[in-house]
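Now for the letters of each chain:
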Amino acid sequence: MTSPNEAFVAFEHVQKSYDGVSLVVKDLNLAIGKGEFLTMLGPSGSGKTTTLMMLAGFETATHGEIKLDGTNINLVPPHKRGIGMVFQNYALFPHMTVGENLSFPLEVRGMGKSEREAKIKRALDMVQMGAFANRRPAQLSGGQQQRIALARALVFDPKLVLMDEPLGALDKQLREHMQFEIKHLHESLGITVVYVTHDQGEALTMSDRVAVFNDGRIQQLASPSDLYERPDNSFVAGFIGENNKLPGVIEAMGQGTCTVRLATGEVIDATPVNVTQKGQKTMVSIRPERIEYKPEMFPEGAHVLDAEVLEFIYMGDMFRTRLRVAGSEDFVIKSRNTQGQRMLTPGEKIKVGWHPQDARALDP
Ligand code: ADP
Ligand code: MG
C-alpha cells in the first residue's frame, strides 16, 4: 500500500454541497495507491457518486483539494484529466458503430488513423468483442454493451479508470462474470481503479481496499477481510455481512477485553472496539458463522448462553438456525454441514458459544 505522500489519487479535506447549506461529502480524506483497486461502498445517497464525479471533474469540490499523481486537479477540465470512465447508464452513442464509439475518445485526443485502429482492435480483444466492431449498440445485449463501454474507457490507455455501478443493470450471472473480467483487466493492465457500488459482495470480491461510506463520510477504509472480521463501528458491522446484535452495558474495561452485562442480565466477555468506559451502552456483535452449538467445540474461554431453537433451515452445504438468545429472537447461527453436525428441531433447548475475540463491543 502507498503512503499518503506517494498517493496516486488524493482527496484532502474535500467537502461538497449542492445547495450551499448541507454537505453531502464531509471532510473527505482518502489516499489511493498506484495500481490499487479501491471501492467506495455505501447505501444510496451516501455521497459515492458525488465523490467520483469530483474526481472525474464533472463536479467541483466546495472545499479542499483533489490531487492526481501529486498535482492539484481542482481546476482541470474532465477531458484533460486522462481518466477513463464507465457508468451504469453511460450510454454508447447509438448512431455510431462499436468501432466508431471507441474511436471517438482517440479522435478527441488527436490520434492518427492507423494508431486508432490498432488501439481499437486491442481494446475490443481485451473484452472479447473483437468480432463486433461494425455492430451498432442496439444490436448488442446489455452485457455486450457494457463490455464495449469498458473497452471505450480503456482504449486510450488511461492510468486511472472510474466505474460507477457499472454492472448494476446486468443479471446476477453476467454481473459475477463481468466482476472477474474487470478484476483480470485491472491486474493485467496495472491500472488504478476507483469503483463505486452499493453491493457488498461485489466490493468484497473485487477490491484491494474498500471505503465504506455513510452520510457523506468514510466510516472505515480497510481490506475486505478486515472490514468483515474487524468492523470499526456498528454501521460497518451492520452493513457488511450478517451480524447478531446483543445490547448491553459495559461492566468492566480491561486490556483489550471488557465484560458486558446484557439487557437480560447475563455477563459476557467481549473485545472492546469503539467503547471505552464502564457504564457505557454497547451493542455486542457476533458473526453467525463464529457461533457453535456443539458444546464440546466451545473453545477455551468461550462464552456460553442458553438458547432455544426457533427455526432450523437445511441449506445443503449449510444449516441456518434462528434462536432465542438473551432476549433476541433474531439470533442466527450458520454452520457447515460437516460430518457429525447435528440437525436441530424447533423448541429444542441448547447452548451456544463462541470465542470472546469474536464478540465485538461496538457503539450501540
Ligand atoms: P450515492 O452515489 O452514494 O447514492 P450521491 O453522491 O449520488 O450518493 O448523492 C449524495 C447526496 O447528494 C444525496 O442526498 C443526493 O440527493 C444529493 N445529490 C446528488 N446529486 C445532486 C445534484 N446534482 N444536485 C443536488 N443534490 C444532489
Ligand atoms: Mg450513486
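Please refer to the structure placed before this passage.
Quick caveat, the model's predicted, so the values are computed rather than measured.

Caption draft 1: Examining the site of ligand 1 more closely. Taken together, Tyr-18, Val-24, Pro-43, Ser-44, Gly-45, Ser-46, Gly-47, Lys-48, Thr-49 and Thr-50 are the residues near ligand 1. A distance of 3.1 Å is found between an oxygen atom of ligand 1 and a backbone nitrogen or oxygen belonging to Ser-46. Take Gly-47: an N or O atom from its main chain is 3.0 Å from an oxygen atom of ligand 1. Across the complex, the protein chains shield 55% of the 560 Å² of accessible surface that ligand 1 would expose by itself. Among the residues forming the shell around ligand 1, the class breakdown is 3 nonpolar, 6 polar and 1 charged.

Caption draft 2: Structural context of the nonpolar core. Grouped together as the largest cluster of nonpolar side chains are 34 residues, with contacts concentrated most on Leu-102, Leu-124, Ile-148, Leu-150, Met-163, Ile-182 and Tyr-195. For this core, the secondary structure elements donating two or more residues are α2 (98–108), α3 (113–126), α4 (142–154), β7 (160–164), α5 (172–189) and β8 (192–197). Counting residues per element, this core draws most heavily on α4, at 6 residues. Core analysis: the second largest hydrophobic core is formed by 28 residues, Val-284, Leu-305, Phe-331 and Ala-361 among them.

Caption draft 3: Region of interest: the sheet that holds strand β13 (residues 267–272). With mixed pairing, 5 strands are arranged side by side around a closed barrel as β11-β12-β13-β19-β14. Across the sheet, the mean angle from the axis of one strand to that of its neighbour is 55°, orientation sign disregarded. In terms of strand pairing, strand β11 (residues 244–253) meets strand β12 (residues 258–262) through 5 bridges, oriented antiparallel. Directly across from Gly-248, in β12, lies its bridge partner Leu-262.

Caption draft 4: Local environment of the environment of Phe-331. Topologically, Phe-331 is positioned in strand β17 (residues 328–336). Relative accessible area serves as the criterion here: at 0%, Phe-331 is assigned to the buried category. Here the alpha-carbon distance between Phe-331 and Lys-245, two residues 86 residues apart in the chain, equals 7.7 Å. Residue contacts for Phe-331: discarding those within four places in its chain leaves Asn-244, Leu-246, Ile-286, Ile-291, Thr-321, Arg-322, Leu-323, Val-325 and Trp-354.

Caption draft 5: Structural context of the pattern of salt bridges. Within this structure, the stated rule accounts for 23 salt bridges. One salt bridge connects Asp-69 with Lys-34, and the closest N-O pair in it is separated by 3.9 Å. On the criterion of sequence distance, the pair formed by Asp-69 in the loop between β4 (63–68) and β5 (71–72) and Lys-34 in the loop between β2 (25–32) and β3 (37–41) is long-range, its members being 35 residues apart. Residue Glu-311 pairs with Arg-322 through a salt bridge whose shortest N-O separation is 2.8 Å. Of this pair, Glu-311 sits in strand β15 (residues 303–314) while Arg-322 sits in strand β16 (residues 318–325), placing them 11 residues apart in sequence. On the basis of relative accessible area, Glu-311 is assigned to the partly exposed category, the value being 34%. Overall, Arg-322 belongs to the partly exposed group, its relative accessible area being 27%.

Caption draft 6: Representation of the sheet that holds β4 in the model. Spatially, the 4 strands line up as an open sheet ordered β2-β1-β4-β5, and their pairing is antiparallel. A single partner strand is all that each edge strand has here, and the edge strands are β2 and β5. As defined by bridge partners, β4 adjoins β5 across 2 bridges and the pair is classed as antiparallel. Residue pairing for β5: Lys-67 is matched across the bridge by Asn-72. The strands touched by helix α1 (residues 48–56) are β1 (9–16), β2 and β4; relative to β1, the strand with the most contacts, the crossing angle is about 120°.

Caption draft 7: Main features of the packing of aromatic side chains. Scanning all chains against the criterion turns up 6 aromatic pairs. For the pair Phe-93 and Phe-104, a centre-to-centre distance of 5.1 Å together with 70° between the ring planes defines the contact as edge-to-face. In this pair, Phe-93 is assigned in the loop between β6 (83–87) and α2 and Phe-104 in helix α2, connecting sequence segments 11 residues apart. Under the relative-accessibility criterion, Phe-104 is labelled partly exposed at 37%. Ring centres of Phe-235 and Phe-239 lie 5.5 Å apart, and the angle between their planes is 15°; this geometry places the pair in the stacked category. Of this pair, Phe-235 and Phe-239 both sit in helix α8 (residues 234–239), 4 residues apart, roughly one helical turn. Relative accessible area serves as the criterion here: at 23%, Phe-235 is assigned to the partly exposed category. What links up through ring pairs into an aromatic cluster is the set Phe-312, Tyr-314 and Phe-319. A cation over a ring is seen here: Arg-152 above Phe-93, with NZ or CZ 5.4 Å from the ring centre. Looking at Arg-287, its charged tip hangs above the ring of Tyr-228, at a distance of 4.1 Å from the centre.

About the cut-offs
Residues numbered from 1 in each chain as written. Chains lettered and ligands numbered in written order. Predicted model: local features only at pLDDT ≥ 70, side-chain atom pairs only at ≥ 80, totals over all residues. Heavy atoms only, no water. Near = heavy atom within 4 Å. Polar contact = N/O pair within 3.5 Å; in protein donor to acceptor, adjacent residues only side chain to side chain. Areas by Shrake-Rupley, 256 points an atom, 1.4 Å probe, with all protein chains shown as cover. Nonpolar A, V, L, I, M, F, W, Y, C, P; charged D, E, K, R; others polar. Core = buried A, V, L, I, M, F, W, Y, C linked by side-chain atoms within 4.5 Å. Buried < 20%, exposed > 50% of the residue type's maximum accessible area, 1.4 Å probe, protein only. Helix = DSSP H or I, 4+ residues; strand = E, 2+ residues; numbered from the N terminus. Pairing = 2+ DSSP bridges. Axes fitted to C-alpha atoms, helices over the stretch in contact; angles between N-to-C directions. Contact = heavy atoms within 4.5 Å. Salt bridge = Lys/Arg side-chain N within 4 Å of Asp/Glu carboxyl O. Phe/Tyr/Trp six-rings, centres within 6.5 Å; stacked < 30°, edge-to-face > 60°. Lys NZ or Arg CZ within 6 Å of the ring centre and 35° of its normal.

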